[in-house]
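# Structure at a glance
Each chain is listed here by its residues.
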Amino acid sequence: MPHHSWRLVLVLAGAAAATGGAAAASDGAPAVDPAPRKVDGARGCVETIRFGVVDGIAPLSVAPATAWLDDAPDLCFAWYRQPSGPVALEKISNGDLDFATMGSVPFTTAIERGAPVSAIGILAIQLSAEGLATRYGLQEPRSLRGSTIATVRGSTSHYMFEAFLLETGIDPRDVTLVFAAPKEITRLWDAGAIDGAACWTPTLDHVLATPHGATGTPALVVYDAETLRRWGYRTGVLLVARDDFVARLPDVAQRVVERVVRAAYAYNTNPNSFDWTAGRYADVVGRSFWLELGNETTFSRAAVAEILTRNTWPGILEQMGFRGTMGAAILRRQAAFLFAQKDLAETPYEDAAPYLDRIDISFLSEARLLQYETIPLDADPDPVPDFVPYAVRAQMPVPGEGCESFTVLDDENATFDDGSTGEHAYARNANCVWALRAPATGCVALDVPFLSSEGVRDRVEVFSATGDLRATFFGRRGGHPTTVGCVVADAPPPGVAAALVGGAAPDIEGVGLYVRWSTDDEDELAMGAIEPVGFRATARAIEPQERICGPGRGGALCDAPYCVGVVEVTGEGGVIKTQVADDAYQPNSRCAWRIPARGGRVVLDVARLGLERVRDVVTIYDGGAAPPGFNTLARPPPVDVFGRTNELSRRTRYRMSGTHAPSTPLVFDNDVFVTFESDGIANGPRDGGPAGLEIRWRRDVVDGDLCPEAASCGRNGRCEEGVCVCDTGYYGETCAFDACVGAAVSDLAPSGRIVSSAGVDYPPDMNCEWFLDIPGREGEGIAGIRLRFDRFDIEAPEGQATTTDRAVVFYSVGPQQGSVLCIFRRVMSQQGQTSAGAAVDPATDETKFTFDDGDTLEVLLPEPAAAGANVQLMLGFETDANNHRPFSGFDVTYGVRFHGGLVFCDEIWPCADGEVCKQNGCVPEESKSSRSRRSRRKLRQLRRGVAIAALVFACVMVLALCVFFGVYARRVVRTKDELETERVRVVRDQVDSARQWVEDFQAPFCVVAADTFIALGALRPHEALRDGPRDADDDECDKQHTRLEFYDSVDDVERARRGGAVFVFLSHQWLGHAHPDPAGIHYKAMCRALQAVAEDAGVALSAVRAWVDVSSIPQANQATQSLAVASLPTFASCVDYFIVVAPDTEHVTTGCGCDAATYRKRAWCRAEVVACWARRGADRMFVATNRGLRPLFVDTGDGVDTYLEECLEVFAGDLTCCRLQHPDGEPCDKEALVPPFLGLIAELYRDRKQRPEAWAKVRDRADELFPRTFSYESGGVTTTLPLFGDLIEAILRLVDSEGTDGASPEPVLRGLAPGTTGQRHVAKAHRRSPHQHSRHLVATAPHSGDGSTLRGSRDAGSLRGSPGVLFRALSDRVVRRSPPAALRELPTASPAVTERSTAATVATAASAATVATTETPRDNWASSPPASPWSSTSLWSSSRSPESKTGSSERRLTWALPTGRAERPRVSTVSLQPVLPTVEDV
């Protein structure tokens, strides 16, 4: 688990402790001991709260070295180092910790497995403190194939690494993943055993700073957590608390949350302050961090400051926002990953409720209510004190302290311990054994009054004189039950002491108990209120006594309400239980019961089975010998592929987990050994219900059959000769299981059939073995075995879902060793669509061949057996923790293969064609059979010849028809190919043109210095700022103007930015027909916005450059204006800030309201916003309203921005042309929007790896945002017309094809339909007069502040610099880049074209860029504009046409027609007919 902050873990000293050895005070399930813990007597603390500290630094790291959380004499805080989040999860679950910080992936494990914990806050969001570092040369994703990478299993680092493989297309099976603890990862890297590590600081820092152990090359970062977060894989570090602790001491939890909030706020408000970089906070944080690493003297404050920048520290609102749909979605996605990686046995929750129920924000809400986030660290209440000496120390082992490897104690009252003194830590890697000799009484009792260890990793184990495990003690709770051992009457088995020591040790006579103390190489390095650690035990004499404990009780005195160690069951019947209560069993349990048969048979009736699936297991062995782990002498010799000896495998009868108990009793005719093992996280079924195991057993002293009546075998078997013969797929002595369990030994037979399960989904965690005793044959040695899988349906790896499910053929050479002959798995095809069986070489793990159901396979022995010798084979079936979907298992038939090719045959295994079964061997058929076979072959040949002749005759008859239709079909195909080629060309032209015109400036980028803009006093037109005052009538402000700044290229802008300039793009609505801002409302908002930008950027106003439409785009010369309009997306992509100016106001002419809502209601407004967002992102896009400057897009907490989602629906916005029902069949503005959006989509798709969240918003809604067709209404008739067609798919294919060198992109466009972009109207133009052509090529203008849309065919002012014009200008260029030949033959005179030169007329027609005319009465025009700078200049750039008649009027607009970047634009003049704008245009 990646911890990148100071991993704070509050550790409950009174929570549930060790397995099988941690005691409780009552008969209930493991409960928290409410008694206070007296520690650190010098300080007088009543109770110590334990924090587990994991590698890393956080603002809260000011606490350990300052005792900031202490509240003496009531509470003291001890800080314990934890190696990883999964380890911390286990400790907080079993009660060793009160609180823990862990990554979101381990916390997801806690939720899915039902651990009794909840998250009460978020400490950090990882950035660069976690990632993947590899040796030099492995930085490209594809280079990771064949590499070895180490990580911590079940951590967020593990999750991120698998996500990285998925996103980069790397098959996880191509990378060898090594799971190790952080300390082990550093050793592997230094030794050169791994190629990289997915880990966190400081392990990541070690890898980056240390050359690779094998190659000597440095390591480089492949990705970090920030990269994966941008790809959608969000992780965090959570503060997790035990539920029972929070219920008992809620004030402590509240205090911890308040300190977390205050520390994060103090750092976030001023991270570069002296306190955090070189002052007191950097000092105490550094002391804590370096103490955590075991270095008490040396640390760097500069390093502290740098490490703090590697994460972000969320505030209260951000932490509270995690408890929502976004937080649940993050945890649910991580749960799916854990399930696929087999870390979870149960299917993840589908509902969000189980995740939200485990996120408790009540303490954060209280802290917010009391405004703790705003209280400085050095202010009351509870300021951070200076560091205190007792806190600045680490509990470390002292060289020379420890215990002897083997000690014999003869005293009747002997005391011994681990050898540590005072508050020193105990020694690492200890393995000390004490032999407690029994005094004259013959028995010895062991008491453990003190024990404080690091969970199950450091423990005290107690063994009997025969080596049976009697008890295991570990953890940090007292009250361990007494253990009693007596001298055995017979001589004890030799080697018990040597097995415990792990080396040479003498056998001691008269021993009652052995005690072993063992530790690992990890050290918790406790800090703060240090507690004594280690153990102290006392041995005393005791009289022999016979005590039988009640069900669920353990210990020699029956004082533990749970099972402890190995119990010798006596009597003729009784009840076996794991604990007294039914709510939960002990964590890390190791219990066993030995039940002797004593000449009869043992019957076990499983009355209750309520275990955590897969993790907690009950195993039943045939025979009374203890398996490894329950007796020190039970050490497995050389093992088979399943990790167990053949002998032990034969004895394993049942493995049970979960809640599915067998329906009928289990019957044994031998001694029985029952074991129960659990881990330390969950202590019962995930979904509740009674927990633990309850078996009612009895001993039947009955001679004869095991099944005296047919009913004994249930419904799935029959009783034959006293034994239940189960139906196919059912197992157990009474056929109670519908899937294999444990071992099954077949009768001596050369063939047979094996079915793994009768159900449709075999259970997880299966370990089944079928021992096949195959008899030899006189004169023939056995060479191998033939297998035919009639069904082979086991889990195959799919996507992130891994699997270890497999079947294995194992050859037993001797009684305890053998070799694996072959492994059978299910593998996916390269396309990932289908799967097949595969035979895998056990030595190389490479696939030898694949097979399908029904295929016959042969598995050969390493060398043939001797003639007549029997052979023992084993077929094993092993499954992992879960199945990602139901699988039914396998159905296999087997038969022996003899040396020399002779194959065994019988009614189960028939011979192949051409062979007969003779004396159970396949031999060739006799000669008579051969002649008969040849006759049948001739008859088949004759029939085949007749069939061929008939076929030839039919072909001749059909050939004539084929020739007849061939010519016609060829013409049809040729015509179709020509049409398809033309369609591909059209599609290619459309997408190429769309991409061409969104890349560079087509006109200079004009800006105004912010201080100059503010000094103007009002909005000024471009020409006024460019030329200055022209006469004495110009107002004073014009005389003080400063000329515009012009930038001719993107490089010029970048050079200015490097020089300190900050560029701002201001977008607004016009508030009047004659003036964009008559009352100066927008101007004032713009000034405030520019001042806010200067403050945010930390520069002077003179360094800010503002782009405003009326000032930056030429208003008089329409030719240069159109070039500037075409450059708007490039302008937007060059600026540092984009601001929508939309305060609440009214249009001076219409009286309609104008605000942020009306701004985004129009389709053109949405298009403008989306164009800027697509290029620059949303980080610096704001809206200026009456309430000041605020972000344009605001995340509501669930990952969805309603403003952005609304703006993305450009083609659902309001359009004037649609409201007017497209008079005269004019094109819809939606068609004009298609080309520019194609260009933007191409850029988003091309940069999808850099901006995955932007591409995801478009990708997931592509069909909705960019419809293939649209409804077109004109003259009361509604039709469905193409809009985008297949252009979206076309542009994506073209972008993908750009990486293929030398390949033509044309084939990828075949079959794709072009979009509209005016093609429909161009096609109609072929059938119209030249005059009609000019009327139907429309240039539509953008929105106006009064809620109107000024169309180019209605008002020359419509092309005035609003960004919405971009799409209109681009569409005109894209649609008409290659006009039809008919359009090049316009007549020299046209009513729509004024008398310019012939060349200008031809240029206009060739670009097809004429503007439609619409006749409107003269009095539709507004009266002359009032006297102002706006009306006195040539801003409108229009004049009356000399040919105008009474009742109508027209204006001339000069339009520059771009013909290419290297050419001067051609200029034409076309006439425009005005139409009065209306309010409905909004």
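These numbers come from a predicted model, not from an experiment.

Turning to the overall build of the protein, a few remarks are in order. The helix and strand inventory of the protein stands at 39 helices and 58 strands. When burial is assessed residue by residue, the protein has 56% of its 1482 residues classed as buried. Considering only contacts within the protein whose residues lie at least 6 apart along the sequence, 78% involve residues at least 24 apart. Split by element, the accessible area of the protein, about 59500 Å² in all, is 51% carbon and sulfur.

Together, L939, L942 and V946 make up an exposed nonpolar region whose accessible area comes to about 300 Å². By the secondary structure assignment, L942 is in helix α18 (residues 927-996). The exposure class assigned to L942 is exposed, which follows from its relative accessible area of 56%.

With that settled, the discussion passes to the packing of aromatic side chains. Counted by the stated rule, this structure contains 43 aromatic pairs. Relative to W1107, the ring of F1065 lies with its centre 4.3 Å away and its plane at 10 degrees, an arrangement referred to as stacked. Taken together, the positions of F1065 in strand β48 (residues 1062-1068) and W1107 in strand β49 (residues 1104-1108) put the pair 42 residues apart, joining distant regions of the chain. A single burial state applies to F1065 and to W1107, both of which are buried. What links up through ring pairs into an aromatic cluster is the set Y731, Y762, W770, F789, F792, F824, F851, F877 and F890. Above the ring of Y1245, the side-chain terminus of R1248 is found at 4.0 Å from the ring centroid. A cation over an aromatic ring shows up here: K1249 above the ring of W231, its NZ or CZ 5.4 Å from the ring centre.

A few words now on the sheet that holds strand β41 (residues 856-860). Spatially, β34-β43-β36-β41 is the arrangement adopted by the four strands of the open sheet, whose pairing is antiparallel. The open sheet terminates on both sides in strands that have one partner only, identified here as β34 (751-755) and β41. On average, adjacent strands in this sheet sit at an angle of 25 degrees to one another, irrespective of strand direction. Examined bridge by bridge, strand β36 (residues 782-793) and strand β43 (residues 889-898) share 10 bridges and lie antiparallel to one another. In the sheet register, I782 faces β43, and the bridge partner there is F898.

Two elements in contact, helix α2 (residues 104-113) and helix α13 (residues 325-340), have axes separated by 9 Å at closest approach and are oriented at 80 degrees. Judged by the inter-axis angle, α2 sits roughly perpendicular to α13. Contacts between α2 and α13 involve S104, V105, F107, T108, T109, I111 and E112 from the first element and L331, Q334, A335 and L338 from the second. When the residues that make up the contact of α2 with α13 are grouped by side-chain class, the tally is six nonpolar, four polar and one charged.

Moving on: helix α34 (residues 1287-1297). Among the 11 residues in α34, eight count as buried, and that is most of the element. Along α34, the residues classified as buried are L1287, I1288, A1290, I1291, L1292, L1294, V1295 and S1297.

To continue, consider the pattern of salt bridges. Taken as a whole, this structure holds 65 salt bridges when the rule is applied. For the salt bridge of R113 with E612, the shortest nitrogen-to-oxygen distance reads 2.5 Å. Placement of R113 in helix α2 and of E612 in the loop between β25 (601-610) and β26 (617-622) is noted, with a sequence separation of 499 residues between them. With respect to class, R113 is no different from E612; both count as buried.

All right, on to the state of the cysteines then. Within this structure, the stated rule accounts for nine disulfides. Linked covalently through their sulfurs, C549 and C558 form a disulfide whose S-S length is 1.9 Å. Between C549 and C558 the sulfur-sulfur dihedral comes to about -90 degrees; the bridge is accordingly left-handed. Residue C549 is classed as partly exposed on the basis of its relative accessible area, which comes to 26%. Given a relative accessible area of 12%, C558 falls into the buried group. Between the sulfur atoms of C740 and its disulfide partner C768 the distance amounts to 2.1 Å. Its torsion about the S-S bond being 85 degrees, the disulfide of C740 and C768 is classed as right-handed. Highlighted residues: C740 in the loop between β32 (723-726) and β33 (743-745) and C768 in strand β35 (residues 767-774), separated in sequence by 28 residues.

The subject of this paragraph is the nonpolar core. Note on soluble globular proteins: their nonpolar side chains tend to be buried together. Formed by 79 residues in total, the largest nonpolar core has its most connected members in F1005 and W1173. Per-element tally for this core: the top contributor is helix α28 (residues 1163-1176), with 10 residues. Within the second largest apolar cluster, 69 residues are counted, among which are V569, I576, L787 and F824.

Turning our eyes to something else, we now look at the sheet that holds strand β54 (residues 1188-1191). Pairing between the strands of a sheet comes from backbone hydrogen bonds, and it takes one of two forms, parallel or antiparallel. With mixed pairing, the seven strands of this open sheet are ordered in space as β47-β46-β49-β48-β50-β53-β54. If you trace the sheet from one side to the other, it starts and ends with β47 (1045-1047) and β54, each paired once. Across this sheet, the average inter-strand angle for adjacent strands is 35 degrees, counted without regard to direction. Here β48 runs beside β49; their pairing, made up of five bridges, is parallel.

The next thing to look at is the packing of helix α8 (residues 250-269) against helix α15 (residues 362-369). A pair of packed helices can be characterised by two numbers: the angle between their axes and the separation between those axes. Remark: α8 packs on α15, axes separated minimally by 9 Å, with the N-to-C direction vectors making an angle of 60 degrees. With respect to their mutual orientation, α8 and α15 come out oblique. Crossing handedness for the pair α8 and α15: right-handed. Contact residues: P250, A253, Q254, V257, E258 and V261 in α8; F363, L364, E366 and A367 in α15. Class assignment for the residues of the contact of α8 with α15 results in seven nonpolar, one polar and two charged.

With that settled, consider the pairing of β35. Along any regular strand, the residues point their side chains to alternate faces of the sheet. Most of β35 is tucked away: seven of the eight residues are buried. Across three bridges, the pairing between β33 and β35 is parallel. Its bridge partner being in β35, V745 is matched across the sheet by F771. For β35 and strand β42 (residues 871-878), the ladder comprises eight bridges, and the chain directions are antiparallel. Residue pairing for β42: I774 is matched across the bridge by V871.

Bringing the environment of A836 into the picture now. Following the sequence through the fold, A836 ends up in strand β39 (residues 835-840). When the C-alpha positions of A836 and R825 are compared, they lie 8.4 Å apart, and in sequence the two are 11 residues distant. The contacts of A836, once residues within four sequence positions are left out, are R825, R826, V827, F851 and D852.

Because the α-helix completes a turn every 3.6 residues, residues three or four places apart line up on one side. Every buried residue belonging to α15 is among F363, L364 and A367, and all of these are buried. Viewed end-on, α15 has its buried residues packed into an arc of 100 degrees, placing them on one side of the element. Contact partners of the buried residues in α15: β4 (117-126), α7 (243-248), α8 and α12 (316-320). One or two positions beyond α15, positive phi appears at Q371, with a value near 55 degrees.

As a further point, take the pairing of β49. Among the five residues that make up β49, five are buried, leaving the element largely enclosed by the rest of the structure. Burial along β49 is two-sided: V1104, A1106 and V1108 and R1105 and W1107, pointing in opposite directions, are all buried. Judged from the two bridges that link them, strand β46 (residues 1005-1009) and β49 form a sheet pairing that is antiparallel. Bridge assignment links A1009 to a residue of β49, and that residue is R1105.

Moving on, we get to a positive patch on the surface. Together, R936, R937, K938, R940 and R944 make up a positively charged patch on the protein surface. As for its placement among the helices and strands, R940 is situated in helix α18. Residue classification places R940 among the partly exposed residues on the basis of a relative accessible area of 43%.

About the cut-offs
Residues numbered from 1 in each chain as written. Predicted model: local features only at pLDDT ≥ 70, side-chain atom pairs only at ≥ 80, totals over all residues. Heavy atoms only, no water. Helix = DSSP H or I, 4+ residues; strand = E, 2+ residues; numbered from the N terminus. Buried < 20%, exposed > 50% of the residue type's maximum accessible area, 1.4 Å probe, protein only. Contact = heavy atoms within 4.5 Å. Areas by Shrake-Rupley, 256 points an atom, 1.4 Å probe, with all protein chains shown as cover. Patch = residues over 30% accessible without salt bridge, like charges linked within 9 Å, V, L, I, M, F, W, Y side chains within 5 Å. Salt bridge = Lys/Arg side-chain N within 4 Å of Asp/Glu carboxyl O. Phe/Tyr/Trp six-rings, centres within 6.5 Å; stacked < 30°, edge-to-face > 60°. Lys NZ or Arg CZ within 6 Å of the ring centre and 35° of its normal. Pairing = 2+ DSSP bridges. Axes fitted to C-alpha atoms, helices over the stretch in contact; angles between N-to-C directions. Parallel < 35°, antiparallel > 145°, perpendicular 65-115°, else oblique. Nonpolar A, V, L, I, M, F, W, Y, C, P; charged D, E, K, R; others polar. Disulfide = S-S within 2.5 Å. Core = buried A, V, L, I, M, F, W, Y, C linked by side-chain atoms within 4.5 Å. Left-handed = near helix turned anticlockwise from the far one by under 90°. Arc of directions from axis to C-beta. Lys, Arg positive; Asp, Glu negative; His and termini not counted. Charge placed at Lys NZ, Arg CZ, Asp CG, Glu CD.

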